[in-house]
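# Coordinates in review
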Amino acid sequence: MGSPRVVIIGAGIVGTNLADELTARGWNRVTVLDQGPLPLTGGSSSHAPGLVFQTNASKTMTTFASYTVEKFVTLDVDGAWCFNQVGGLEVATTEERLAELHRRHGFATAWGVAARVIDPQECAKLHPLLDPRRILGGLHVETDGLAKASRVVVALARRAQSRGAEFRGSTRVVGIEHSGGKVTGVATTAGTVPADIVVSCGGFWGPELGALVGMDVPLLPLAHQYVKTHEIPELAGRNTEASEAGFPILRHQDQDLYFREHVDRLGIGSYAHRPMPVDLRELPGGEITSETMPSMLEFTDEDFAPAWEQSKLLLPCLETATIESGFNGIFSFTPDGAPLIGESPDVAGFWIAEAVWVTHSAGVARAVAQLLVDGRSEVPLNGCDVHRFEDVQLDPDYVSETSQQNFVEVYDILHPLQPRQSPRDLRVSPFHARQKELGAVFLEAGGWERPHWFESNADLVAELPAEWRPPQRDPWSAMFHSPIAAAEAWRTRTAVALYDMTPLKRLEVTGPGAVALMERLTTGKMDKSVGSVTYTLMLDGAGGVRSDITVARLSPDTFQIGVNGNLDVDYVRRQADDSVVVRDITGGTCCIGVWGPRARDLVSALSRDDFSNDGFKYFRCKQVRIAGAPVTAMRLSYVGELGWELYTTADHGLRLWDALWAEGRRHGVIAAGRAAFNSLRMEKGYRSWGTDMTTEHNPYEAGVGFAVRAQKEGYIGHEALAGISDETVERRLVCLTVDDGRSVVMGSEPVFINGEPAGYVTSAAFGHTVGAPIAYAWLPASATVGTGVEIAYFDRRVAATVVAEPLVDPEMTKIRS
Ligand code: FAD
Ligand code: THG
């Protein structure tokens, strides 16, 4: 049997890259269909100016971009370039932006892209059209440049065709055929094309194509303005028709603008205008020809006027220039700016790869090809997986509002904790009203309102013992933070605190096949006594960490699983057969973490059940009553203190909270938020999946090898772990503390050893118990305890040291007593 029959919908930059990547892997039964003519289909790629700036806050996105560069530089069409590596220059006209460029320099370094922050004179030397007096500096990336998308598609289509792929233009897909929950083919205006796998690379048409199988594709088509000037005297004679450009591509984020050369003209792109959402139903229908470009709408000059004025200020040569042409070009935006990759939950074999820039196109295509051919992408996709969204985030109004917001903020300086302003209050726990009364400062995640600290605890800051008083923070790390977190951490470690754990996703897995399913999916022993709780890992086929979860056996056939997000829900559902029912019970239930040395006193006072150390052991669960409410209590603690997670149905939640609060006054109870929580979990050495570890890492590298049961076989990923141990790994997630005891970093900074980039920070926080900032970082295994490193924070270097972990309660005396 040959390779599966694959139909790719869309011959834009993503679809052609995918055809290339699949055929490169020996899959030769690939058909690419497009409604438009070939090679210029009228989609976004047909007219993309193709600026490729690799630097991105996301490691995955940067890796996608770097691969795009690496691949495109090797391509040509009859000798004509596909990638012109002119370099990339981002300039700052404000102090804030200059600082941001230093931060972006950090991202580039952390993710392996060479970059430099340079002064105005050097900027002007690289790009002589710049007025150096208007700028404060720039970020220069030598390997950035221009991708000629309209030529790349030709080069790649030829290559894919030479390996057996077939391209058909002017063939519109009108239906997806499936039977028994599996894709069987694609219905087109020119008949049916049979298929085992269909990948929709339909760009901003994605939602229409997804609808053919009932799949939500949360992207919004938005128009964005691009103009070309008439001839610029300063450019005359500099470039040839063939080279097109010689100066670096230029970004002026303070004014939402970017620039490139077109031989002797300048091209200007603007995000400075109002968001212009496009209703797909209003695009002109009928046959698409090379003259009708459905992705190009008429230029609206009034929207461009302010951008033109700003362009003249940055590039004085434009004072005397005029605009030759412009258009409002359509492409996709998503609620978080990242692409959409994944398989339909209902129709197996129907995949999407959409909302992808030219910049990331080759990287995304390689990832999808690896998913299809190998079952796994080498680059972690958790930030790009279409199943990352919660149900409420798939609502078209949500997608529209947040994607427009993303357009507006595309070049803004965004703090990692910066919450969206709207929509808010989409999901609240039963304790929300009480939390508001306590002055909770909420940040949003997955639609949930989560308290980060409580203003009602402000008075405690003055009571803090000297060794608990947090140092003053720099303005950036002080944003969306409060010293109240120190007081909340202090009271958690010394008295007791209530944490709202409701947003932590939980599944009920039930049925005669439940044990077998959990045995197959995890590294731990699942067939344990009812009442057991197990911390365990789900791995992918290559031994990468898919998730770390807690599994509570509630009855012989029922487990409650604490997971890390919607990706886990999607995965466990896909893996389950008819003998198991997987239910997401998050919304109908709630959870309070009651943690601290007084937790037992507090909970026992409200219950007839046995909460003694013998009667309720660490990592056990029981059905109990607390203040009359039926509660599933689990003795574990992500903050590393004595205590329980108390689960009940939503109706009982408020009473449970009120009872704990009222009784808690005698035990010094407080409500505590995520800021303290995150610091406490790092002190205890607990990883946060998605930030500290992903599928890219094996358990031993990530420091969770203890959760792999040595005797166990037959689970997904087991074979891949053969020969791997704590001793063999070449890199490790390690704990650092900052030497000066005060410089807090934020995460995603590069780490230097002997002056050379050696790794990057994952999570970071001030460790209130240990009185020093903590950072987890990926470093070579040679960086053992005691190794001195430097973390680059903006334009500073912060000295830090690899330390033994956990920093708090390594003997487990607090948590087990
Ligand atoms: P497309 O190129 O749109 O391809 C999708 C294809 O699917 C189309 O050819 C379409 O005809 C086909 N299709 C849709 N529905 C059907 C159907 N039912 N049946 C058959 N075929 C169908 N990105 C950068 O990285 N750098 C830039 O500088 C840059 N500048 C931009 C400037 C402008 C003005 C615009 C509009 C976009 C810009 N982008 C840039 C974004 C970039 O152009 C797009 O993200 C990218 O081209 C999308 O590629 P794609 O293959 O997903 O989509
Ligand atoms: N609570 C519950 N489920 C969860 C989390 C949680 N699932 C997702 C995520 N958080 C998982 N992360 C952790 C990390 C560490 C621990 C629990 C959940 C933990 N670890 C013990 C340790 O390392 O010492 C395990 C000890 C053991 O294996 O016996 O407690 O917060 N419900």
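Residues numbered from 1 in each chain as written. Chains lettered and ligands numbered in written order. Predicted model: local features only at pLDDT ≥ 70, side-chain atom pairs only at ≥ 80, totals over all residues. Heavy atoms only, no water.

- The name given to the protein in an unreviewed UniProt entry is Sarcosine dehydrogenase, and the organism recorded there is Mycolicibacterium obuense.
- On record in UniProt, under Sequence similarities (unreviewed entry), the comment for the protein is "Belongs to the GcvT family." (UniProt positions renumbered as here; feature names shortened; annotations may be inferred.)

### Regarding unusual backbone geometry
- A cis geometry characterises the amide bond from leucine 38 onward to proline 39, with omega recorded as 0 degrees.
- Cis geometry marks the peptide bond from glutamate 805 to proline 806, where omega comes out at 0 degrees.
- Residue position: proline 806 is located in the loop between strand S43 (796-803) and helix H20 (813-816).
- Phi is positive for phenylalanine 619, which is not a glycine, with a value near 60 degrees.
- Looking at the element boundaries, phenylalanine 619 is found in the loop between helix H16 (599-604) and strand S34 (621-626). (Helix = DSSP H or I, 4+ residues; strand = E, 2+ residues; numbered from the N terminus.)

### With respect to the sheet that holds strand S6 (residues 83-84)
- What the three strands build is an open sheet, ordered S3-S10-S6; its pairing is antiparallel. Strands at the two margins of the open sheet, each flanked by one partner only, are strand S3 (51-52) and S6.
- Of the pairings in the sheet, the one linking S6 to strand S10 (residues 145-147) comprises two bridges and is antiparallel in character. Of the residues in S10, the one forming a bridge with asparagine 84 is leucine 146. (Pairing = 2+ DSSP bridges.)

### Considering the packing of aromatic side chains
- Enumeration over the complete set of coordinates arrives at 24 aromatic pairs.
- Judged by centre distance (5.8 Å) and plane angle (55 degrees), the ring pair of phenylalanine 299 and phenylalanine 304 falls under tilted. Like phenylalanine 304, phenylalanine 299 is buried.
- A cation over a ring is seen here: arginine 731 above tryptophan 778, with NZ or CZ 5.6 Å from the ring centre.
- Stacked on the ring of phenylalanine 752, the Lys or Arg arginine 797 has its end atom at 3.6 Å from the ring centre. (Phe/Tyr/Trp six-rings, centres within 6.5 Å; stacked < 30°, edge-to-face > 60°. Buried < 20%, exposed > 50% of the residue type's maximum accessible area, 1.4 Å probe, protein only. Lys NZ or Arg CZ within 6 Å of the ring centre and 35° of its normal.)

### Section: the pairing of strand S41 (residues 772-780)
- Buried residues dominate S41, accounting for eight of its nine residues.
- As paired elements, strand S38 (residues 731-738) and S41 share seven bridges and run antiparallel to each other. Across the sheet, valine 734 pairs through a bridge with alanine 777, a residue of S41.
- Looking at chain direction, strand S40 (residues 756-767) and S41 are connected through six bridges and run antiparallel. Bridged to phenylalanine 766 within S41 is proline 773.

### A short note on the site of ligand 2
- Neighbouring residues of ligand 2: 16 residues in total, closest Asp548, Thr550, Gly562, Glu645 and Tyr686.
- At a separation of 2.9 Å, a nitrogen atom of ligand 2 approaches a polar backbone atom of glycine 562.
- The side chain of glutamate 645 places a nitrogen or oxygen atom 2.7 Å from a nitrogen atom of ligand 2.
- When ligand 2 sits alone it has 660 Å² of accessible area, and the protein chains cover 88% of it.
- Among the elements of the structure, strand S30 (545-555) and strand S36 (643-649) are those that each provide at least two residues to the shell around ligand 2.
- Class assignment for the residues of the shell around ligand 2 results in 11 nonpolar, three polar and two charged. (Near = heavy atom within 4 Å. Polar contact = N/O pair within 3.5 Å; in protein donor to acceptor, adjacent residues only side chain to side chain. Areas by Shrake-Rupley, 256 points an atom, 1.4 Å probe, with all protein chains shown as cover. Nonpolar A, V, L, I, M, F, W, Y, C, P; charged D, E, K, R; others polar.)

### Section: the site of ligand 1
- In the neighbourhood of ligand 1, 35 residues make up the surrounding shell, with Asp34, Thr41, Ser45, Val356 and Thr359 lying closest.
- Note that an oxygen atom of ligand 1 is positioned 2.5 Å from one of the side-chain N or O atoms of serine 45.
- With respect to ligand 1, the backbone of valine 173 contributes an N or O atom lying 2.9 Å from a nitrogen atom.
- Coverage of ligand 1 by the protein chains reaches 98% of its 1000 Å² of free accessible surface.

### As for empty space enclosed by the protein
- All told, the structure shown has two cavities of 30 Å³ or more when counted by the stated rule.
- Taken as a whole, the largest cavity encloses approximately 70 Å³ of empty space.
- Lining the largest cavity, in full, are Gln435, Pro451, Phe454, Tyr499, Asp500, Met501, Ala672, Gly673, Arg674 and Phe677.
- Looking at the lining of the largest cavity, the elements that each hand over two or more residues are strand S26 (448-454), strand S27 (496-500) and helix H18 (674-683).
- By residue class, the composition of the lining of the largest cavity is six nonpolar, two polar and two charged.
- If you add up the space inside the second largest cavity, you get close to 30 Å³.
- Together, Val533, Thr550, Val551, Ala552, Gln560, Ile561, Gly562, Met634 and Tyr647 line the second largest cavity.
- Taken together, the residues that form the lining of the second largest cavity break down as six nonpolar, three polar and no charged. (1 Å grid on protein atoms, 1.4 Å probe; cavity = no way out; pocket = protein on both sides within 12 Å on 5 of 7 lines; lining within 4 Å. Points joined across faces, edges and corners; volume = space filled by probe spheres on them.)

### Thoughts on the packing of helix H1 (residues 13-24) against helix H5 (residues 149-162)
- Where H1 contacts H5, the axes come no closer than 9 Å and their chain directions differ by 30 degrees. In terms of orientation, H1 lies roughly parallel with respect to H5. As for how H1 packs across H5, the hand of that crossing is left-handed. Every residue of H5 that contacts H1 at Ile13, Thr16, Asn17, Ala19, Asp20 and Thr23 is listed here: Ala149, Val152, Val153, Leu156, Ala157, Arg159 and Ala160. (Axes fitted to C-alpha atoms, helices over the stretch in contact; angles between N-to-C directions. Parallel < 35°, antiparallel > 145°, perpendicular 65-115°, else oblique. Left-handed = near helix turned anticlockwise from the far one by under 90°. Contact = heavy atoms within 4.5 Å.)

### Considering the state of the cysteines
- Taken as a whole and assessed by the stated rule, the structure comprises zero disulfides.
- Distance from the sulfur of cysteine 123, which forms no disulfide, to the nearest cysteine sulfur (cysteine 317) is 16 Å.
- Looking at cysteine 591, it has no disulfide partner, and the nearest cysteine sulfur is the one in cysteine 590, 7.7 Å off. (Disulfide = S-S within 2.5 Å.)

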